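# Architecture and fold: a report
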Amino acid sequence: MTVTTVTGRSLAPDLARGVMLLAIAVAHAPVFVTGTAFGVLNGVAAFLDHLLAHNQARPMFVLMFGYALGQFAYRHQVAGGEWGSLRRLLRRRGRWLIVIGFVHGVLVPLDIIAVYGLTLLVLVPLVRARDSVLCWTAALTLLPAVLMTSGPILLAFAGAVDIAGAGIMPADLGSHLLSGLQTWPVKTVLGTIDIVPGMMLGIWAARRRVLDEPERHRTPLRRVTVICLGVALAGRLPGALLLSGAWTPPAPWAVVLTSSSFASRYRS
């Protein structure tokens, strides 16, 4: 990798993180709204909320996590730092993320902080791996990641599980904390599979300074935006129509769409 002097800070990565956090806030905002009765406006809000916000920030969250690691490694190298010190620093941050995520995961049904910490702790060597290693790692983990995401929805379609009841918290605090302690380790370990492909892509993009120098990558950025956003919106459209009351699909598909909608609310 060619090393050049870092003379300033690009706004593009920070803008991407800002849009990501805004989408997360919008996705969770309806949870705090109760007792509204605006008829058609409620349907419109539900449609736009599900189409544009639910789970739409998650891919960018993962990508920016990897991009930040690539940026950090780049700046560390420019400053003349050694790999050993960078490795120790990243692992220390990974351990702290796991600790914070543990506390959060016990108190709240779902947690992603520890997932990122564990992934960072395990995959620190890949921060300086060759591009081919990053690409192969992303490719080999893509299918398991897709299965992790779609598996519960397919089980709901088959009637094997009731995913809609998975997020209901126990009535008393003791049972709630015990439930969190029991499920947190498994959810954390399995959750790492889900973010590895995007993390590898983020590191790869950071090495090419795709967001630090967006003027040099304008054409591929536009193509990726149009293609990925188009696919995402097309995939979210059936669920958005269902939740807004504009469409009633056959019963088996209604289960799939409502299950995926429930999952996305807590994964955004």
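Rules and cut-offs
Residues numbered from 1 in each chain as written. Predicted model: local features only at pLDDT ≥ 70, side-chain atom pairs only at ≥ 80, totals over all residues. Heavy atoms only, no water. Axes fitted to C-alpha atoms, helices over the stretch in contact; angles between N-to-C directions. Helix = DSSP H or I, 4+ residues; strand = E, 2+ residues; numbered from the N terminus. Parallel < 35°, antiparallel > 145°, perpendicular 65-115°, else oblique. Left-handed = near helix turned anticlockwise from the far one by under 90°. Contact = heavy atoms within 4.5 Å. Nonpolar A, V, L, I, M, F, W, Y, C, P; charged D, E, K, R; others polar. pLDDT = per-residue confidence, 0-100. Phe/Tyr/Trp six-rings, centres within 6.5 Å; stacked < 30°, edge-to-face > 60°. Buried < 20%, exposed > 50% of the residue type's maximum accessible area, 1.4 Å probe, protein only. Salt bridge = Lys/Arg side-chain N within 4 Å of Asp/Glu carboxyl O. Expected span 1.5 Å × (residues − 1). Bend = angle between axes of the 7 residues up to and from the residue.

### Considerations on the packing of helix H4 (residues 83-107) against helix H5 (residues 113-123)
Packing of H4 against H5 brings their axes to within 7 Å, and their N-to-C directions diverge by 155°. Judged by the inter-axis angle, H4 sits roughly antiparallel to H5. In terms of crossing hand, the pair formed by H4 and H5 is left-handed. On H5, the residues touching Leu 90, Arg 91, Arg 93, Gly 94, Arg 95, Leu 97, Ile 98, Ile 100, Gly 101, Phe 102 and His 104 of H4 are Ile 113, Ala 114, Tyr 116, Gly 117, Leu 118, Leu 120 and Leu 121. In the contact of H4 with H5, the residues fall into eleven nonpolar, four polar and three charged.

### Structural notes on the confidence of the model for the chain
Here the chain shows a mean pLDDT of 79. Residues at 70 or above account for 74%. Mean pLDDT values for the elements of the chain range from 56 in helix H9 (residues 251-265) up to 93 in H5. The low-confidence segment residues 1-6 (pLDDT under 50) makes ten contacts with residues lying over four places distant or belonging to another chain. Throughout residues 164-168 the model reports pLDDT below 50, and contacts reaching past four residues in sequence, or to other chains, amount to four contacts.

### Examining the environment of Pro 185
By secondary structure assignment, the location of Pro 185 is in helix H7 (residues 173-207). In this structure, the C-alpha to C-alpha distance between Pro 185 and Val 115, residues 70 residues apart in sequence, is 9.7 Å.

### Notes on the packing of aromatic side chains
Under the counting rule described, the total for this entry stands at two aromatic pairs. On the basis of an interplanar angle of 50° and a centroid distance of 5.2 Å, the ring pair of Phe 61 and Tyr 116 is categorised as tilted. Taken as a pair, Phe 61 in helix H3 (residues 57-78) and Tyr 116 in helix H5 lie far apart in primary sequence, 55 residues in all. On the basis of relative accessible area, Phe 61 is assigned to the partly exposed category, the value being 24%. Measuring from centroid to centroid gives 4.8 Å for Phe 65 and Tyr 116, while their planes differ by 80°, and the two rings are edge-to-face. With a gap of 51 residues between them, Phe 65 in helix H3 and Tyr 116 in helix H5 connect regions that are remote in the sequence. Phe 65 gets classed as buried once you look at its relative accessible area, which sits at 15%. When its relative accessible area of 5% is taken as the criterion, Tyr 116 is described as buried. One aromatic cluster is present, built from ring pairs that chain together Phe 61, Phe 65 and Tyr 116.

### Comments concerning unusual backbone geometry
Despite not being glycine, Arg 209 shows a phi value in the positive range, around 55°. Along the chain, Arg 209 turns up in the loop between H7 and helix H8 (218-243). Under the relative-accessibility criterion, Arg 209 is labelled buried at 15%.

### Some thoughts on the pattern of salt bridges
Applying the stated criterion to the full structure yields six salt bridges. Residue Asp 131 pairs with Arg 207 through a salt bridge whose shortest N-O separation is 2.7 Å. Here the residue Asp 131 occupies a position in helix H6 (residues 131-158), and Arg 207 occupies one in helix H7, the gap between them amounting to 76 residues. The exposure class assigned to Arg 207 is buried, which follows from its relative accessible area of 18%. Each of Asp 131, Arg 207 and Arg 208 takes part in a single network of salt bridges with overlapping partners.

### Brief notes about H8
Helix length check: H8 (26 residues) gives 36 Å between terminal C-alpha atoms against 38 Å at 1.5 Å per residue, within 8%. Where H8 bends most, at Leu 237, the angle is about 40°, and the proline Pro 238 comes one to four residues later. Turning to H8, its buried residues are Arg 236, Gly 239, Ala 240 and Leu 242. Trailing H8 by a residue or two, Gly 245 shows a phi angle of about 85°, which is positive.

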